[in-house]
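# Remarks on the overall topology
Residue strings, one per chain:
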Amino acid sequence: MQKVNELLTEESIEASAWEAIEKSIIYYKGRPVGTVAAYDVSVEALNYDQCFVRDFVSSALLFLIKGRTEIVRNFLEETLKLQPKERQLDAYKPGRGLIPASFKVVSDNGEEYLEADFGEHAIARVTPVDSCLWWIILLHSYVVATKDFSLAYQPEFQTGIRLIMEICLANRFDMYPTLLVPDGACMIDRRLGIYGHPLELQVLFYAALRAAREMLICQGNQDVVEAIDNRLPLLCAHIRQHYWIDINRLNAIYRFKSEEYGKTAVNLFNIYVDSIPYYELDKWLPKKGGYLAGNVGPSQLDTRFFALGNLMAVISDLATEEQAQSIMSLIEERWEDLVGDMPMKICYPALEDEEYRIVTGCDPKNIPWSYHNAGSWPVLMWMLTAAAIKTNKPYLASKAIEIAQARLLEDEWPEYYDGKKGRLIGKQSRKYQTWTIAGFLLAKELMKDQSYLSLVRFDQLPSELVSRACEFEINSVDTSISI
Ligand code: GLC
């Protein structure tokens, strides 16, 4: 093995990765429309032969960087066609505005069509809340990369964005600015105690609101635009304030009173001291580091660290500059726990013993330190890289890429790794998992040219974008619009 390793140059690893990406492309009526989740012929495909919306984002960003915009455009157009546009009378059918979790090409009598899965076929019938949010974020990346606003300004796309905003901003039972969702509604698509207001979806919600705000034409959408403008500052402040944990905040929470009623309450969510692993956190939290909690709700503060939510909060500018620095300091200080031998842990720490049994429902795939329950997912590497670049700590990304580079090709690009340090190839891990490969290549591209960060960040977008969208007349689509 040692010898094989020595022979592998950076170039040959990248070349093999690209070869695998090419193989993963799905064609529909002769046009590229997406990538399969995994191209692993050694195991039953289940739904891994489908194109997952969340998985495709990594490949799509890579294609945009390489100027291969056609596949991304086709993907956006085809998935938009799958979005239900009418109100649904049958409660078992996907609601208006949703974007599917995945789709596949089906042939019938020589005719090809796309079959979508909105969770109605998925294991445990989980709802893909993140799909519609990622779809808007990706449309925005496409617009930034191609400088071509005309796609987003097309009436079908305006309707698509509007319908997504309508489900997200609809009147609901709860009165938080965050989004109330069922368990397993995002990358972690199994029961893992992330129902309610999980960080990952709140951050994607924030990014999607920002993206929608920049792309929606005001004329005819004034109500939605107003709703976004009202929601954004509240959502942002709520996350920054109530999800934040560092040693100072922990001290404050530790001394919280409970059972406070009325306007003067300090412990707004009535968090009980005994529900929080104070002594572990006291030991684990570095002096300078901090992070956004996994979930906040009534008498609930989930203190697990979730990587996607924290990294995307840094990238999308949801975290303040100071918080972003603290999150990256925490990753640096707790590198062995959060990155270890494979970047990086999906969450930390694992749920163990009775807690694991109760919260996951005894899920054998999510045993402690495996899969979603604190397994290591190489796809997160591009987000780690983007966040490291944004906070001026690119050396963290270089270190992570180096670690991954030494193993990924040899291990045949696994979906995830198990173990406290991420040394074991995941027990039920697929090989040739597309977002593992794309995440690695994307991290490398971001390091080669840091300006690609503009595809996913929101703080530096030309301010004229918003005003332009507002001035834009819905009937006068100018296909030559550029930034
Ligand atoms: C697993 C992951 C999910 C991913 C899917 C396809 O179900 O949990 O996030 O989208 O596999 O790769």
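Since the model is a prediction, treat every value here as computed from it, not as a measurement. (Residues numbered from 1 in each chain as written. Predicted model: local features only at pLDDT ≥ 70, side-chain atom pairs only at ≥ 80, totals over all residues. Heavy atoms only, no water.)

### Describing the overall build of the protein
Selection rule: Runs of H or I in DSSP of at least four residues are treated as helices and runs of E of at least two as strands, each being numbered from the N terminus. Radius of gyration here uses only the C-alpha atoms, and the compact-globule reference equals 2.2 Å multiplied by the residue count raised to the power 0.38. Classification of residues uses two cut-offs on accessible area relative to the type maximum, computed with a 1.4 Å probe and protein chains only: under 20% is buried, over 50% is exposed, and between them is partly exposed. Between two residues, a contact is recorded if the distance between any of their heavy atoms is within 4.5 Å. Each accessible area is a Shrake-Rupley estimate made with a 1.4 Å probe; only the visible protein chains count as cover when residues are assessed. Counting rule for charge: Lys and Arg are taken as positive, Asp and Glu as negative, and neither His nor the chain ends is counted. The location of each charge is read from NZ of Lys, CZ of Arg, CG of Asp or CD of Glu.
Within the protein one finds 19 helices and 11 strands. At 22 Å, the protein has a C-alpha radius of gyration in line with the 23 Å of a compact globule built from 483 residues. Each principal axis of the C-alpha atoms in the protein carries an extent, and together these give about 65 × 60 × 45 Å. Looking at the 483 residues of the protein, the share that counts as buried comes to 59%. Taking as baseline every contact in the protein between residues at least 6 positions apart, the subset at least 24 positions apart corresponds to 71%. In the form shown here, the protein has an accessible surface area of approximately 20,800 Å², with 51% of it arising from carbon and sulfur atoms. The centroid of the 50 positive side-chain charges in the protein is displaced by 3 Å from the centroid of its 66 negative side-chain charges.

### What to know about the environment of Leu396
As for its placement among the helices and strands, Leu396 is situated in helix α17 (residues 394-405). Between the alpha carbons of Leu396 and Asp55 there is a distance of 24 Å; along the sequence they are 341 residues apart. Beyond its immediate sequence surroundings of up to four residues, Leu396 is in contact with Met328, Glu332, Trp335 and Ala388.

### Some points on unusual backbone geometry
Cis geometry is adopted by the peptide bond preceding Met344, which originates at Pro343 and carries an omega value of -20°. Locating Met344 in the fold gives a position in the loop between α14 (335-338) and β9 (347-348). Geometrically, the link from Tyr348 to Pro349 is a cis peptide bond, its omega value of -5° lying close to zero. Backbone geometry places Asp353, a non-glycine residue, at a positive phi of 50°. Assignment of secondary structure puts Asp353 in helix α15 (residues 353-360).

### Overview of the sheet that holds strand β5 (residues 111-117)
Where we set the bar: Strands are labelled as partners when DSSP assigns at least two bridges between them.
Taken in spatial order, the three strands of this open sheet run β3-β4-β5, and their pairing is antiparallel. Here the strands that pair on one side only, and so sit at the sheet edges, are β3 (51-52) and β5. When strand β4 (residues 102-108) meets β5, the two strands line up antiparallel, connected through seven bridges. Within β5, the position partnered with Phe103 by the bridge is Ala116.

### Thoughts on the pattern of salt bridges
Stated formally: When a carboxyl oxygen of Asp or Glu lies within 4 Å of a side-chain nitrogen of Lys or Arg, that pair is called a salt bridge.
In this structure the tally under the stated criterion is 28 salt bridges. In this structure, the salt-bridge partner of Glu77 is Arg31, at a minimum N-O distance of 3.7 Å. You can see Glu77 sitting in helix α4 (residues 69-82) and its partner Arg31 sitting in strand β2 (residues 31-35), a full 46 residues away along the chain. For Arg31, a relative accessible area of 29% translates into the label partly exposed.

### So, the sheet that holds strand β8 (residues 300-306)
Across the sheet, which stays open at both edges, the four strands sit in the order β6-β7-β8-β9 with antiparallel pairing between neighbours. In the strand order of this sheet, the two ends are held by β6 (244-246) and β9, each with one partner. Across two bridges, β8 lies against β9 in antiparallel orientation. Bridge pairing in β9 places Phe306 opposite Cys347.

### With respect to the site of the ligand
Here is the rule we go by: Residue proximity to a molecule or strand is established when one non-hydrogen atom of the residue lies within 4 Å of it. Each polar contact in these results corresponds to two N or O atoms within 3.5 Å; when the atoms are within protein, one needs to be able to donate a hydrogen and the other to accept it, and residues that are neighboring in sequence are counted only if both atoms are side-chain atoms. Three residue categories are used. Nonpolar comprises Ala, Val, Leu, Ile, Met, Phe, Trp, Tyr, Cys and Pro, charged comprises Asp, Glu, Lys and Arg, and polar comprises the others, including Gly.
Taken together, Ala37, Tyr48, Phe52, Arg54, Asp55, Met187, Asp189, Tyr371, His372, Glu415, Gln433 and Trp435 make up the full set of residues near the ligand. Interatomic distance of 3.4 Å between a side-chain N/O atom of Tyr48 and an oxygen atom of the ligand. Summarising the interface, the protein chains cover 95% of the accessible area of the ligand, which totals 310 Å² for the free molecule. For the shell around the ligand, the class distribution of residues is six nonpolar, two polar and four charged.

### Some thoughts on the packing of helix α3 (residues 53-65) against α4
So the rule is basically this: To define axes, lines are fitted to C-alpha atoms, for helices over the stretch in contact only, and angles between the resulting N-to-C directions are given on a 0 to 180 degree scale. Here roughly perpendicular refers to angles of 65 to 115 degrees, roughly parallel to angles under 35, roughly antiparallel to angles over 145, and oblique to all remaining angles. When the near helix sits turned anticlockwise from the far one by under a right angle, the crossing is termed left-handed; a clockwise turn instead gives a right-handed crossing.
Closest axis-to-axis distance for the α3/α4 pair is 8 Å, and the angle between their directions is 150°. The angle between α3 and α4 falls in the class roughly antiparallel. With respect to the hand of their crossing, α3 and α4 are arranged in left-handed fashion. Here α3 contributes Val53, Phe56, Ala60, Phe63 and Leu64 to the contact with α4, which in turn contributes Thr69, Ile71, Val72, Phe75 and Thr79.

### Structural notes on helix α2 (residues 10-24)
As a reminder, the rule being used: Multiplying 1.5 Å by the helix residue count minus one yields the expected span of that helix. As used here, the arc is the angular range of directions from the helix axis to the C-beta atoms.
Taking 1.5 Å as the rise per residue, α2 with 15 residues should run 21 Å; its terminal C-alpha atoms sit 21 Å apart, in good agreement. Burial in α2 covers these residues: Ile13, Glu14, Ala17, Trp18, Ala20, Ile21 and Ser24. In a view along the axis of α2, the buried residues occupy a sector of 160°, so they form one face of it. With respect to the buried face of α2, the exposed residues turned more than 90 degrees away are Glu11, Glu19 and Lys23.

### Thoughts on the pairing of β8
Burial within β8 is extensive, with six of its seven residues counted as buried. Hairpin connection, strand β7 (residues 290-297) to β8: the antiparallel pair is bridged by two residues, and Ser299 has positive phi, about 50°.

### Describing the pairing of β7
Counting buried positions over the eight residues of β7 gives eight, a clear majority of the element. Bridge analysis of β6 against β7 gives three bridges, and the strand direction is antiparallel. The partner of Ile245 across the bridge, within β7, is Tyr291. In terms of strand pairing, β7 meets β8 through four bridges, oriented antiparallel. Within β8, the position partnered with Val296 by the bridge is Leu301.

### Side note on the packing of helix α12 (residues 307-315) against helix α16 (residues 380-390)
Packing of α12 against α16 brings their axes to within 9 Å, and their N-to-C directions diverge by 35°. Crossing angle aside, the handedness with which α12 passes α16 is left-handed. Contact with α12, carried on its side by Ala307, Leu308, Leu311, Met312, Val314 and Ile315, involves Leu380, Trp382, Met383, Leu384, Ala386, Ala387 and Lys390 of α16 and no other residues of that element. Looking at the contact of α12 with α16 residue by residue, the class counts come to 12 nonpolar, no polar and one charged.

### Some thoughts on the side chain of Asn373
Counting through the fold element by element, Asn373 comes out in the loop between α15 and α16. Under the relative-accessibility criterion, Asn373 is labelled buried at 0%. Leave out the neighbours within four places in its chain, and Asn373 touches Leu192, Cys347, Ala350, Leu351, Tyr356, Asn366, Ile367 and Pro368.

Function-wise, these values are silent; they only describe arrangement.
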